[in-house]
Amino acid sequence: MSLALPSTFAIHFQPQRLPRVCLALSGDTVEDMLAAGESMARDNPFIEFRLDYLKQPLPALPKIHRFLETHQYVTAIGTCRRAENGGKFKGSLPAQLEVLNKALAAGCQIVDLELQSAQKTKLEAIARLRGRSGLILSFHDFRATRNLEETLEKMRAIPADFYKIVTTATTLSDNVTMMKFLQTHGGKHALIGLCMGEQGIISRVLGVRAGSAFTFGAVDPSAGLFTAPGQIGARELRNVYRIDQVDAATRIYGVAGDPVEHSLSPVIMNTALRRENVNGVYLPLHARTLKDLMRCVREIPLHGLSITMPYKQAILPFLDNTDAHTTKTGACNTVVRGQEGKLYGFNTDIAGVIRPLEQRITIEGAKILVLGAGGAARAAVFGLKERGAEVWILNRTAAKGQKLARQAKARTIKRADLRKASFDVIINATPVGMGNTRDCPLKDEEIQARVVFDMVYDPVETHLLQVARSKGISVIPGVEMFVQQAARQFEIWTGKPAPAGDMLRAVTVALQERMAAQKRRSA
Ligand code: NAP
């Protein structure tokens, strides 16, 4: 094969027909790259070969050529980013251009050249490259999201088919900046724009509706196969965030907190949205400040929010109105944005406690022990009292338990008295047992109840639940609460009944996968 000749099969790409997700193929060897391409190209026929990840890109090109010959439905980008511009290629500028030219000959229809390399290259050489392919002129800012207009102005001095500007989000609001830029200029130029970093997720999913020609997806971020910080898996972009369906009418929801990286809410909520055919997408929003979050609520605009640690109380002053459960517990876990922009707060943790219980017992008159006096315990105690249960509180810090008991008109109990007491239900509202430890909040002989409800949901089967089961006690795992509080949020936002069964299956599978990944890592 002569790599010097233009490929005969590389038809010129059609920018308007490109898919929304380009799969960024990385890997130490071309074999790894092509194995990932082989398994994913059918679903994702738009691929970027990150040639700079290979120790020697040139000898790999014949294999890429053969791959593209046998996968003619694939549109391929060849990228060989130099180390000084954020890539891994340590060679000279002429060496970079040689790789890109040969990538074209190997069948790539598009090449990516950084602005910094292009500025040092004769325009005729760039024109020659472009004459045989589509050219993406790219710029990466690994620190911030800034000077977007000026950067585009500089880029426009060099004719290209796409101008790609990738920045780093250090706040959620940086996504707003990027998307406004895409909205303003996306109609005039073929732009690709997104923000890197965990906080850039909004732009990765919504950038395509703001005016980005496409976005990039990773092979498998959990296995370290990604080419930029914060890159989402290509499969996840399509299957969880349904990027192909995102349009102007898509409502945006999210879970806001710090941290939210390991939140299972996106899995469960996107499952529900898809199942019920709601044109909406739900994103993890890592908000370092509430001010930042509130700017996004207004500007994006966000239709609904799940609020998690540490903002459940701090969000209250930003709300125009709250439901009775929020007022009672002093904590809000759900926000809905009304048509007129007003923000309404709800607490669905109470529904998360009550719904699984009322499926098993009559709550009115039931004797219930709540372990803990934090936020989750508050929701349980107030919710159960409202339904007429007799509630006892046991907390590590006795004074906090007593305070909650006074507020909710419940009682406290001393640990020493547990052996003599029996309850209809024991609820664990402490984190003891989390993270696959064998810790248990109570000793075997202290567990005397008809039902044991553990709010901890990771692992699904805690040690407390195992002990309870072994004593013949009926158990409620924390995932049920997690699903029911989410189901109530879904109902508040959409007015539709939530597909709780599907949500439970999705979260159980996600937890099992997480556990398997942890085991693989520690093996
Ligand atoms: P929180 O506000 O921090 O309260 C934690 C409570 O647990 C406090 O009362 C604390 O006692 C007690 N505690 C902490 N470590 C303890 C230990 N080693 N031994 C005994 N008591 C201990 O937390 P939270 O928001 O209420 O959450 C509590 C648990 O519920 C977490 O595991 C959370 O994941 C889970 N949760 C689950 C769901 C769900 O949907 N399944 C929803 C919400 C919460 P002190 O007062 O002495 O510090």
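Before reading on, note that the structure itself is shown above.
To keep things clear, this report deals only with the structure shown in the data block. (Residues numbered from 1 in each chain as written. Predicted model: local features only at pLDDT ≥ 70, side-chain atom pairs only at ≥ 80, totals over all residues. Heavy atoms only, no water.)

**Some points on the pairing of strand S16 (residues 390–394)**
Residues in a regular strand project their side chains so that they alternate between the two faces of the sheet. Where burial is concerned, most of S16 is hidden: four out of the five residues are buried. Sheet topology places strand S15 (residues 367–371) next to S16; five bridges connect them, and they run parallel. Counterpart to Val370 in the pairing with S16 is Ile393. Each parallel crossover has a hand, and for S15 linked through helix H14 (residues 375–386) to S16 it is right-handed. Relative to strand S17 (residues 411–412), S16 runs parallel, the two sharing two bridges. Pairing of Ile393 across the sheet is with Thr412, part of S17. One crossover worth recording links S16 to the parallel S17 by way of helix H15 (residues 398–408), and it is right-handed. (Buried < 20%, exposed > 50% of the residue type's maximum accessible area, 1.4 Å probe, protein only. Helix = DSSP H or I, 4+ residues; strand = E, 2+ residues; numbered from the N terminus. Pairing = 2+ DSSP bridges. Right-handed = clockwise from strand over helix to strand, strands pointing away.)

**Notes on the pattern of salt bridges**
Once their charged atoms are close, side chains differing in charge can pair, the charge on each being opposite to the other. Across all of its chains, the model carries 28 salt bridges by this definition. The salt bridge partner of Arg50 is Asp52, with a shortest N-O separation of 2.8 Å. In terms of burial, Arg50 and Asp52 fall into one category: buried. One salt bridge in this structure joins Lys312 and Asp349, with 2.9 Å as the shortest N-O distance. Of this pair, Lys312 sits in the loop between strand S11 (302–307) and strand S12 (321–322) while Asp349 is found in helix H13 (residues 349–358), placing the two residues 37 residues apart along the sequence. We classify Lys312 as partly exposed; its relative accessible area is 23%. Owing to a relative accessible area of 9%, Asp349 belongs among the buried residues under this scheme. In the salt-bridge network here, residues are joined through shared partners; they are Arg81, Asp112, Glu114 and Lys164. (Salt bridge = Lys/Arg side-chain N within 4 Å of Asp/Glu carboxyl O.)

**Regarding the site of the ligand**
Around the ligand sit 20 residues in total, of which Ala373, Ala376, Asn395, Thr397 and Met455 are the nearest. Interatomic distance of 2.9 Å between a side-chain N/O atom of Arg396 and an oxygen atom of the ligand. Contact with the protein chains removes 73% of the 920 Å² of surface that the ligand exposes when unbound. Here the residues of the shell around the ligand sort into eleven nonpolar, seven polar and two charged. (Near = heavy atom within 4 Å. Polar contact = N/O pair within 3.5 Å; in protein donor to acceptor, adjacent residues only side chain to side chain. Areas by Shrake-Rupley, 256 points an atom, 1.4 Å probe, with all protein chains shown as cover. Nonpolar A, V, L, I, M, F, W, Y, C, P; charged D, E, K, R; others polar.)

**Some thoughts on H13**
The element H13 is extensively covered by neighbouring structure, given that nine of its ten residues are classed as buried. Of the positions making up H13, those classed as buried are Asp349, Ile350, Ala351, Gly352, Val353, Ile354, Arg355, Pro356 and Leu357.

**Overview of the sheet that holds S16**
As summarised here, the arrangement of the six strands in space is S17-S16-S15-S18-S19-S20, forming an open sheet in which the pairing is parallel. If you trace the sheet from one side to the other, it starts and ends with S17 and strand S20 (474–476), each paired once. H14 rests against S15, S16 and strand S18 (423–428) of the sheet, and its axis sits at about 165° to S15. (Contact = heavy atoms within 4.5 Å. Axes fitted to C-alpha atoms, helices over the stretch in contact; angles between N-to-C directions.)

**A short note on the sheet that holds strand S3 (residues 75–79)**
Here eight strands make up an open sheet; going across it, the order is S7-S6-S5-S4-S3-S2-S1-S8 and the pairing parallel. In this open sheet, the two strands that pair with only one neighbour each are strand S7 (191–196) and strand S8 (215–218). In this sheet, adjacent strand axes meet at a mean angle of 25° when their direction is disregarded. Strands in contact with helix H6 (residues 148–155) are strand S5 (134–140), strand S6 (162–168) and S7; relative to S6, the strand with the most contacts, it is inclined by about 150°.

**Here's the deal with the side chain of Glu480**
Within the element layout of this structure, Glu480 appears in helix H17 (residues 478–494). Polar side-chain contacts of Glu480 include one of 2.8 Å to the side chain of Arg360. Residue contacts for Glu480: discarding those within four places in its chain leaves Pro356, Gln359 and Arg360.

**A short note on the nonpolar core**
Phe49, Val205 and Leu293 are the most contacted members of the largest nonpolar core, which has 89 residues in total. In this view, Leu293 contacts Leu172, Ala256, Leu285, Ala287 and Leu305; residues no more than four positions away in its chain are not counted. In terms of nonpolar packing, the next biggest core, distinct from the first, is built from 31 residues, Ile350, Ile354, Phe382 and Leu384 among them. (Core = buried A, V, L, I, M, F, W, Y, C linked by side-chain atoms within 4.5 Å.)

**Considerations on the packing of helix H10 (residues 265–275) against helix H18 (residues 500–522)**
Across the interface, H10 lies against H18 with an axial gap of 9 Å and an inter-helix angle of 145°. H18 is crossed by H10, and the crossing has right-handed handedness. Residue-level inspection shows Val267, Ile268, Met269, Thr271, Ala272 and Arg275 of H10 in contact with H18, the latter providing Asp502, Met503, Ala506, Val507 and Ala510. (Left-handed = near helix turned anticlockwise from the far one by under 90°.)

**Let's talk about the packing of aromatic side chains**
In the structure shown here, the tally under the stated rule is eight aromatic pairs. An angle of 75° between the planes, with centres 5.7 Å apart, marks the rings of Phe162 and Phe214 as edge-to-face. Placement of Phe162 in strand S6 and of Phe214 in the loop between helix H8 (201–210) and S8 is noted, with a sequence separation of 52 residues between them. In this pair, the class of Phe162 matches that of Phe214, namely buried. Relative to Phe216, the ring of Phe214 lies with its centre 5.4 Å away and its plane at 65°, an arrangement referred to as edge-to-face. (Phe/Tyr/Trp six-rings, centres within 6.5 Å; stacked < 30°, edge-to-face > 60°.)

**Let's talk about the environment of Ala331**
Here Ala331 shows up in the loop between helix H12 (324–329) and strand S13 (334–337). In sequence terms Ala331 and Gln72 are 259 residues apart; their C-alpha atoms lie 56 Å from each other. Here Ala331 is in contact with Lys312, Gln313, Thr326 and Asn347, once residues within four sequence places are set aside.

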